[in-house]
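# Structure assessment
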Amino acid sequence: MIKSPICEMLKIDYPIFQGGMAWIADGRLAAAVSNGGGLGIISAMNAGGDYLKRQIEIARSLTDRPFGVNIMLMSPHVDEVAEIVAEERVPVVTTGAGSPIKYMERWLEAGITVIPVVASVAMAKRAERSGAAAVIAEGEESGGHIGELTTMALVPQVCDAVNIPVIAAGGIADGRGVAACFMLGAVGVQLGTRFLLAKECPVHPNYKEMVLKATDISTVVTGRRFGGHTCRSIKNDFTRNFLKEEYAPDATPEKIEELGVGALRLAALEGDKKNGCFLAGQIAGLVNKEQPAAEIIREIFEEAEALLKGASLWVK
Amino acid sequence: MVLEKVRELIAEKINCEPGSITEETKFADLGIDSLDVTELVMSIEDEFNIELEINESMVTVADLIKAVESKTAKG
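Only a predicted model underlies this, so the values are computations on that prediction, with no experimental measurement involved.

Each helix and strand counted, chain A has 14 helices and eleven strands in total. C-alpha atoms of chain A, sized along the principal axes, occupy 55 × 50 × 40 Å. For chain A, the residues scored as buried account for 55% of the 316 residues in total. Looking at chain A alone, contacts between residues at least 24 apart form 60% of all its contacts between residues at least 6 apart. Working note: accessible area of chain A is about 13400 Å², and carbon and sulfur atoms make up 53% of it.

Listed below in structure tokens is the structure:
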């Protein structure tokens, strides 16, 4: 068994989180991952409070184990959903796309374990200072909203900078990735792309097919030119058009932001291969079958355990 | 005084001449993104021994200076 301080802190069997993927990570997926011994996470995304309440209710009806909610700090409903997680006493909150400092006091008072996603050492230090129990250091291999550093460079530097547990994310889809991240100093991992192919994942079948078909070079980053909404997704007509517009001479940040509106929903709910934005990580090429979430977790940790046990092979 | 120090810290961080930075300079024009701003604010906090909030309205050097001054004035 691989046990780390994060298992004890969150009362989970395996030190693995399922990423809070917008339009995808609902109460059902979160419950399946939590029932498998990991930490399932519901994405509050850009939706209002009613959606989140419903998903929390669904998760609670399917599992007695702890789960989390991911709060996207750029959401127009952020104040409302931030209050709901406190009222509902959700065990764990992860945050993305910004600094959660504004909500920290309320969440800590509600007994929530707060674990922000960070993309740099300075962000990690600020999170620790404001009362975060741990941080998720997410490299740019990830799908969705990303920073610039790779997991390989980011994780050890964050581990050196803070005295709270570090969970690694970005570019991990199997036991090799998990073992490597533990060697970098992480005590847990967060995976998104692999869980897109969980049987319990409600995403449109076309989305699953896009990930299954993806190779190592299938993803591309949009939004780098003006920053703010830098995103990794699978190359398709949507990304090609986006990049053409983004680098056009008359492009403006406002015009570019407009381009992405609604595209996540089109991909996740309608499976629109042409106009949808299919967020996925660079590791998508390694994800090649659909399995129950619990089986994914077991398989990953059996492999990681074997690798970590055999690591002395190289020490002569 | 605050301007000078802030300029110096920015210049040191991005390897440019402090003289090329004015209060009106936008971070975006210096190629400073939100991650850079976070790091910059951390070094400013250490320098002035204060704690600052980072938000999206921090666009220009003047915005940052205003934030610093509001904290140092109180202290």
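Moving on, we get to the interface of chain A and chain B. Between chain A and chain B, the contact holds ten residues from the first and twelve residues from the second. In total, chain A and chain B occlude about 780 Å² of area from one another, counting both sides; carbon and sulfur atoms represent 64% of this. Contact with chain B buries surface across chain A, with A122, R126 and R129 of chain A losing the most and accounting together for 60% of the total. The interface formed by chain A and chain B includes three salt bridges. The closest approach of N and O atoms between E45 of chain B and R126 of chain A, which form a salt bridge, is 3.0 Å. On the surface where chain A and chain B come into contact, there are three residue pairs in polar contact (both at pLDDT 80 or more).

Attention shifts here to the pattern of salt bridges. All chains considered together, the criterion is met by 26 salt bridges over all chains. The partner of R129 of chain A in a salt bridge is E45 of chain B, with the nearest N and O atoms 2.7 Å apart. Of the two residues, R129 of chain A is situated in helix α6 (residues 121-129) and E45 of chain B in helix α2 (residues 34-48); the pairing between them involves two chains. Judged by relative accessible area, which is 37%, R129 of chain A ranks as partly exposed. One salt bridge in this structure joins K255 of chain A and D250 of chain A, with 3.4 Å as the shortest N-O distance. In this structure, a network of salt bridges that share partners links the residues R126 and R129 of chain A together with E45 and E51 of chain B.

Residue and element names in this part refer to chain A. Taken together, three strands build an open sheet; the order of strands is β7-β11-β10 and the sheet is antiparallel. Each edge of the sheet is formed by a strand with only one pairing partner; in this case those strands are β7 (144-145) and β10 (219-222). Relative to strand β11 (residues 231-234), β7 runs antiparallel, the two sharing two bridges. The residue of β11 that forms the bridge with H145 is C231. Against the sheet, helix α11 (residues 237-246) contacts β10 and β11, and its axis sits at roughly 35° relative to β10.

Before going further, it helps to spend a moment on the nonpolar core. Taken as a class, soluble globular proteins show a tendency for nonpolar side chains to be buried jointly. With 90 residues, the main nonpolar core has I71, W107, F195 and Y207 of chain A as its most contacted residues. Excluding its chain neighbours within four sequence positions, the residues that come into contact with W107 of chain A are I71, A82, V85, A86, V93, T95, P100, I112 and V114 of chain A. Counting 21 residues, the second largest nonpolar core, distinct from the first, contains L9, I21, I32 and I65 of chain B.

Our next topic: unusual backbone geometry. Residue and element names in this part refer to chain A. Its identity as a non-glycine residue notwithstanding, W23 has a phi of 70°, on the positive side. Checked against the element boundaries, W23 lands in the loop between β1 (16-18) and α2 (27-35). Although it is not a glycine, R89 adopts a positive phi angle of roughly 50°. With respect to the element layout, R89 can be found in the loop between α4 (78-87) and β4 (92-96).

Moving on, we get to helix α3 (residues 49-62) of chain A. The first and last C-alpha atoms of α3 of chain A sit 20 Å apart over 14 residues, in line with the 20 Å expected at 1.5 Å per residue. For α3 of chain A, the secondary structure elements touched by its buried residues are α2, β2 (40-43), β3 (67-72) and α4 of chain A.

Residues and elements named next belong to chain A. With respect to topology, eight strands assemble into an open sheet ordered β1-β9-β8-β6-β5-β4-β3-β2, the strand pairing being parallel. The strands lining the two open edges of the sheet, one partner per strand, are β1 and β2. Recorded for the sheet is a direction-independent mean angle of 25° between the axes of neighbouring strands. Note that strand β8 (residues 166-169) and strand β9 (residues 188-191) share three bridges and pair parallel. Directly across from A168, in β9, lies its bridge partner V189. Against the sheet, α6 engages β5 (113-118) and β6 (135-138), with an angle of about 165° to β5.

Moving on: the packing of α3 of chain A against α4 of chain A. All names here are of chain A. Running from amino to carboxyl end, α3 crosses α4 at an angle of 30°, the nearest separation of the two axes being 9 Å. One finds that α3 runs roughly parallel with respect to α4. For the pair α3 and α4, the sense of crossing is right-handed. Note on element contacts: α4 touches α3 through E80, V81, I84 and V85, opposite G49, D50, L52, K53 and I56. Partitioning the contact of α3 with α4 into residue classes produces five nonpolar, one polar and three charged.

Rules used throughout
- Residues numbered from 1 in each chain as written.
- Chains lettered and ligands numbered in written order.
- Predicted model: local features only at pLDDT ≥ 70, side-chain atom pairs only at ≥ 80, totals over all residues.
- Heavy atoms only, no water.
- Helix = DSSP H or I, 4+ residues; strand = E, 2+ residues; numbered from the N terminus.
- Buried < 20%, exposed > 50% of the residue type's maximum accessible area, 1.4 Å probe, protein only.
- Contact = heavy atoms within 4.5 Å.
- Areas by Shrake-Rupley, 256 points an atom, 1.4 Å probe, with all protein chains shown as cover.
- Buried area = accessible area lost by both parts, 1.4 Å probe.
- Salt bridge = Lys/Arg side-chain N within 4 Å of Asp/Glu carboxyl O.
- Polar contact = N/O pair within 3.5 Å; in protein donor to acceptor, adjacent residues only side chain to side chain.
- Pairing = 2+ DSSP bridges.
- Axes fitted to C-alpha atoms, helices over the stretch in contact; angles between N-to-C directions.
- Core = buried A, V, L, I, M, F, W, Y, C linked by side-chain atoms within 4.5 Å.
- Expected span 1.5 Å × (residues − 1).
- Parallel < 35°, antiparallel > 145°, perpendicular 65-115°, else oblique.
- Left-handed = near helix turned anticlockwise from the far one by under 90°.
- Nonpolar A, V, L, I, M, F, W, Y, C, P; charged D, E, K, R; others polar.

Keep in mind these numbers describe shape, not what the thing actually does.
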